[in-house]
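Here's the letter readout for the chains.
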Amino acid sequence: MAKCTVQLILDRPDGLYSMGEKVTGKVQILVDKDVSCKKLRLRREWKTSGRGNRASGGRVDMVLFTGEWVAGSEHTYPFEFDAPPGPVTQQGKLINVHWSLEARADIPWALDPKSERAFHLVPGPVSHVDLGPNYAPTILDLSKMHGGGCLSLLGGILVGVGLALLLPTI
């Protein structure tokens, strides 16, 4: 039997957050036996599912507690973080993007009790998204592509098609 139970609760039951908003909630611990917790960690990350390659990212870990819990006690650890700037939650035909939170108590010599909860990230007003002081939008300059750019590629294709049409008549 586990020494404690971990429950992850978001302040919004629907788990719906816009980019840049505060995501708030709490981790509740119900202690069955005296236990030493190396760390109570909250992890946020996104993952993809569906067809194609699997990917993940945006991983952020927060340590909410380190120490001893006494049998029969109950503890609550609130958390708060800014909703990330993306990617947004998506349920598509080929790919899905899911955001999740995981609370895990690192208990020595025992299975680590944990709780997972999905939350949904939706586009928000651009004014709420902080991309950092060094962000600059990327401008695609086609003239700097290898071999003279797209125009050279297009010209090569046209010359090749023209030769293919002329060769049978010669």
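Conventions and cut-offs
Residues numbered from 1 in each chain as written. Predicted model: local features only at pLDDT ≥ 70, side-chain atom pairs only at ≥ 80, totals over all residues. Heavy atoms only, no water. Helix = DSSP H or I, 4+ residues; strand = E, 2+ residues; numbered from the N terminus. Buried < 20%, exposed > 50% of the residue type's maximum accessible area, 1.4 Å probe, protein only. Contact = heavy atoms within 4.5 Å. Areas by Shrake-Rupley, 256 points an atom, 1.4 Å probe, with all protein chains shown as cover. Pairing = 2+ DSSP bridges. Axes fitted to C-alpha atoms, helices over the stretch in contact; angles between N-to-C directions. Disulfide = S-S within 2.5 Å. Core = buried A, V, L, I, M, F, W, Y, C linked by side-chain atoms within 4.5 Å.

Asker: Explanation requested: the overall build of the protein in the structure shown.
Answerer: Helix and strand content of the protein: 1 helix and 9 strands. Counting over 170 residues, the protein shows a buried share of 29%. Of the contacts formed within the protein by residues at least 6 apart in sequence, a portion of 68% connects residues at least 24 apart. If you sum the accessible surface of the protein, you get close to 11,400 Å²; carbon and sulfur atoms cover 60% of it.

Asker: How should the sheet that holds strand 3 (residues 22–31) be read in this particular structure?
Answerer: What the 3 strands build is an open sheet, ordered 1-3-6; its pairing is antiparallel. The open sheet terminates on both sides in strands that have one partner only, identified here as strand 1 (4–10) and strand 6 (74–82). With strand direction ignored, the average angle separating the axes of adjacent strands in the sheet is 20 degrees. For strand 3 and strand 6, the ladder comprises 9 bridges, and the chain directions are antiparallel. Paired with V23 across the bridge in strand 6 is F81.

Asker: So what exactly am I meant to see when it comes to the state of the cysteines here?
Answerer: Think of a disulfide as a covalent bridge from one cysteine sulfur atom to another cysteine sulfur atom. Tallied over the full model, the rule gives 0 disulfides. Considering cysteine sulfurs only, C37 is the nearest to C4, which forms no disulfide, with 6.9 Å between them. What makes C4 buried here is its relative accessible area of 2%. For C37, a relative accessible area of 2% corresponds to the buried category.

Asker: For this particular structure, what's the right way to read the nonpolar core?
Answerer: Judged by nonpolar contacts, the single largest core of 30 residues is most densely connected at V27, I29, L40, W69, F79, L101 and A105. For this core, the secondary structure elements donating two or more residues are strand 1, strand 3, strand 4 (35–50), strand 5 (56–69), strand 6, strand 8 (95–106) and strand 9 (114–122). L101 has contacts with L8, L10, L42, R43, R44, F79, F81, S115, E116, R117 and F119, leaving out every residue within four places of it along the chain.

Asker: How do you make sense of the pairing of strand 1 when you look at a structure like this?
Answerer: Within a regular strand, the side chains alternate between the two sheet faces. Residues C4, V6, L8 and L10 line the buried face of strand 1, whereas the alternating positions T5, Q7 and I9 sit on a face that is not buried. In this sheet, strand 3 lies alongside strand 1 in antiparallel orientation, the contact comprising 7 bridges. Opposite L10, over in strand 3, you have G25 as the bridge partner.

In short, shape yes, function no, at least from these values alone.
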